[in-house]
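A structural walkthrough
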Amino acid sequence: METAQQEVLTEQEASSGIEMTGSAALLEGLLAEGVDTIFGYPGGAIMPIYDALYDYKEKLNHILVRHEQGGIHAGQGYARTSGKVGVVFATSGPGATNLVTGLADAQIDSTPLVCITGQVFAHLLGTDAFQEIDVINITSPVTKWNYQITDATEIPEILAKAFYIARSGRPGPVLIDITKNAQIQKFDFKGYHACNHIRSYRPKPIVRKEYIEQAAELINAAKKPFVLWGQGVLLGSAEQEFRAFVEKTGIPAAWTILGAGAIESDHDLNVGMLGMHGNYGPNVLTNDCDVLIAIGMRFDDRVTGRLDKYAKQAKVVHLDIDPAEIDKNVQTTVPVWGDCKETLPLLTELCEAKQHTEWLAKFRSYEKEEQLQVIQDEIFPTSDELTMGEVIQILNEITGGEAVMVTDVGQHQMVTCRYAKFNKTRSNVTSGGLGTMGFALPAAIGAKYGALDRTVVAIIGDGGVQMTIQELGTIMQFDVDVKIIVLNNQFLGMVRQWQELFNDRRYSFVDITSPNFVKVAEAYGIPGSSVSKREDLRTAIQTMLDTKGSYFLEVMVTKENNVFPMVPQGCSVSEIRLK
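The rules behind these values
- Residues numbered from 1 in each chain as written.
- Predicted model: local features only at pLDDT ≥ 70, side-chain atom pairs only at ≥ 80, totals over all residues.
- Heavy atoms only, no water.
- Pairing = 2+ DSSP bridges.
- Helix = DSSP H or I, 4+ residues; strand = E, 2+ residues; numbered from the N terminus.
- Core = buried A, V, L, I, M, F, W, Y, C linked by side-chain atoms within 4.5 Å.
- Buried < 20%, exposed > 50% of the residue type's maximum accessible area, 1.4 Å probe, protein only.
- Contact = heavy atoms within 4.5 Å.
- Axes fitted to C-alpha atoms, helices over the stretch in contact; angles between N-to-C directions.
- Salt bridge = Lys/Arg side-chain N within 4 Å of Asp/Glu carboxyl O.
- Parallel < 35°, antiparallel > 145°, perpendicular 65-115°, else oblique.
- Left-handed = near helix turned anticlockwise from the far one by under 90°.

**Some details on the sheet that holds strand β17 (residues 404–407)**
- Taken in spatial order, the 6 strands line up as β18-β17-β19-β20-β22-β21 in an open sheet, and their pairing is parallel. Both outer strands of the open sheet, β18 (428–429) and β21 (528–531), are each paired with one neighbouring strand and no more.
- Strand direction decides the pairing type here: β21 and strand β22 (residues 551–556), joined by 4 bridges, are parallel. Opposite Ser530, over in β22, you have Glu554 as the bridge partner.

What follows is the structure in structure tokens.
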């Protein structure tokens, strides 16, 4: 691949070169890319890089995680709140394979990462040496790009490409595997050159203005237009451009879980959450609109339900940076290729200023029905048992919707996404496409490092927290100010809900016994408490938020509560159930 590069060292240094090891060159490259934090775990094959890192302790903050999966989820959390590339180190063999789940998660959720793995000496490749694994072939399906370095002279150029590929276009994870001989090899380092072009890689498609004109024509003629937005708005840093478009056109807008926060939850035109457990109106009225405008979202099956019954009456305008997403699931009437930060202003300029008062009122009517049948009992329950929704409601009231909410996967995730107030961008950090249990605790650590000035609250179920609970050790060692809430319903709640609704309450291996979480947290030096009574809940949450440093709060919630609304699998979005 040919590259165009930008020099970041002096001409004298570039011409004469500085002798250094491949490991030192790698760290110099990270500094040149603006990296400040690395999440990692050392081992034999990456030991030379860690030896070099000893001399960079004042420049690079390395966070020693307790498991490589924790490291990569922390890197994801960091990338999601900071908007920068997350950096992860791991050794060869099991260290590298422990990254695979996080790589898959980052790939499907378009999270920019650069993962550096150590590898055995080049002459041992293919011999089944100790801790040798073919990490390149293993990770090819779950990375945007990967590459194995066997010669130190390649390190500066390959690292520059890695960062460029990870952050440009539709972001994603990149893995660089470096053999041990390349790490210790000395060479003349002639400077690090940031990459800004690769001939065979086009991160952004050419914007076709004729499509923007056609899209504007459809939108201007629409009587019942509807905007669906996703994470592409956040990834493109196009929040202001998106707000301008929505406010000028007056179109009701709903979000995917990864798109939450692009405009505040209480914005007049924000009509709620899409998807299987989304709000009533946005789901039903998807099949009533006349023009559907999708912005930076990929029509995931959890959003669309049955595709053969999805928005068949509507003309579809799809804005996306990745041409592969256009027409992949939903047939598009007008495709608008390109970065939405670039395409949205062009579209907004051609759109007429309007208000769709009657159409918006229809969403609000469905909202009132949902409020009466679902929301009221969830966030203001009258039963003796606590609900997940009332926990989120109290968090909203105390934090004012300013906190970063990091969730795991399951009922607590859907309840948090539904009821949390997101008044700032990059506030909802969750595992979207892959649905990775164990994501939240390490991701919250990374999220805090990516947003040191913000309150970070991890909302986790009693099942998921036990998958990566060892990362409490990372919080302990580095004094990470993360607030942890475990919503304990003594079940694998989402699986139990499906077994109740679709398997005649045949509860098969979902009744989970857990340890005393507060004592576990205290063993890691983290203060905590457990609450089961409503009169104690607000005080417990306030105490958690007021505590300097980390805090672990267990909330015992009702065991067999279900998350509604719900689009049953195999049904249309308009067949959404309120009960």
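Structure's up, so let's keep going.
**Focus: the nonpolar core**
- In terms of nonpolar packing, the biggest core is built from 101 residues, with Phe242, Phe245 and Ile295 touching the most fellow members.
- Discounting chain neighbours no more than four positions away, the residues touching Phe242 are Val227, Trp229, Val233, Ala253, Ala262, Ile263, Ile295 and Leu344.
- Tyr56, Val85, Trp145 and Leu159 belong to the second-largest nonpolar core, a separate cluster that totals 42 residues.

**Concerning the sheet that holds strand β14 (residues 291–295)**
- The strand order β13-β12-β11-β14-β15-β16 describes an open sheet built from 6 strands, whose pairing is parallel. Only two strands of the sheet have a single neighbouring strand rather than two, namely β13 (270–273) and β16 (334–337). For this sheet, the mean angle separating the axes of adjacent strands, direction not counted, is 20°.
- Along the sheet face, helix α10 (residues 209–221) touches β14, β15 (315–320) and β16 and points at about 130° away from the line of β16.

**What about the pattern of salt bridges?**
- What the rule picks out here adds up to 25 salt bridges.
- Arg243 serves as the salt-bridge partner of Glu247, at 3.4 Å between the closest nitrogen and oxygen. Taken as a pair, Glu247 and Arg243 lie in helix α12 (residues 239–249) at a separation of 4 residues, close to a single helical turn.
- Here Glu247 falls in the partly exposed class, since its relative accessible area comes to 41%.
- Taking the shortest distance from any N to any O, the salt bridge between Asp288 and Lys362 comes out at 2.8 Å. With Asp288 in the loop between α13 (280–286) and β14 and Lys362 in helix α16 (residues 357–379), this pair connects stretches of sequence that are 74 residues apart.
- Residue Lys362 is classed as partly exposed on the basis of its relative accessible area of 34%.

**So, the side chain of Thr348**
- Note that Thr348 resides in helix α15 (residues 340–350).
- Setting aside residues up to four positions removed in sequence, Thr348 forms contacts with Glu241, Ala244, Phe245 and Lys248.

**Details of the packing of helix α17 (residues 388–399) against helix α23 (residues 534–546)**
- Contact geometry of α17 with α23 gives a least axis separation of 10 Å together with a crossing angle of 45°. Considering their axes alone, α17 and α23 lie oblique with respect to each other. Seen along the crossing, α17 lies across α23 with a hand that is right-handed. Together, Glu390, Val391, Ile394, Leu395, Glu397, Ile398 and Thr399 of α17 and Arg534, Leu537, Arg538, Ile541, Gln542, Met544 and Leu545 of α23 make up the contact between the two elements.

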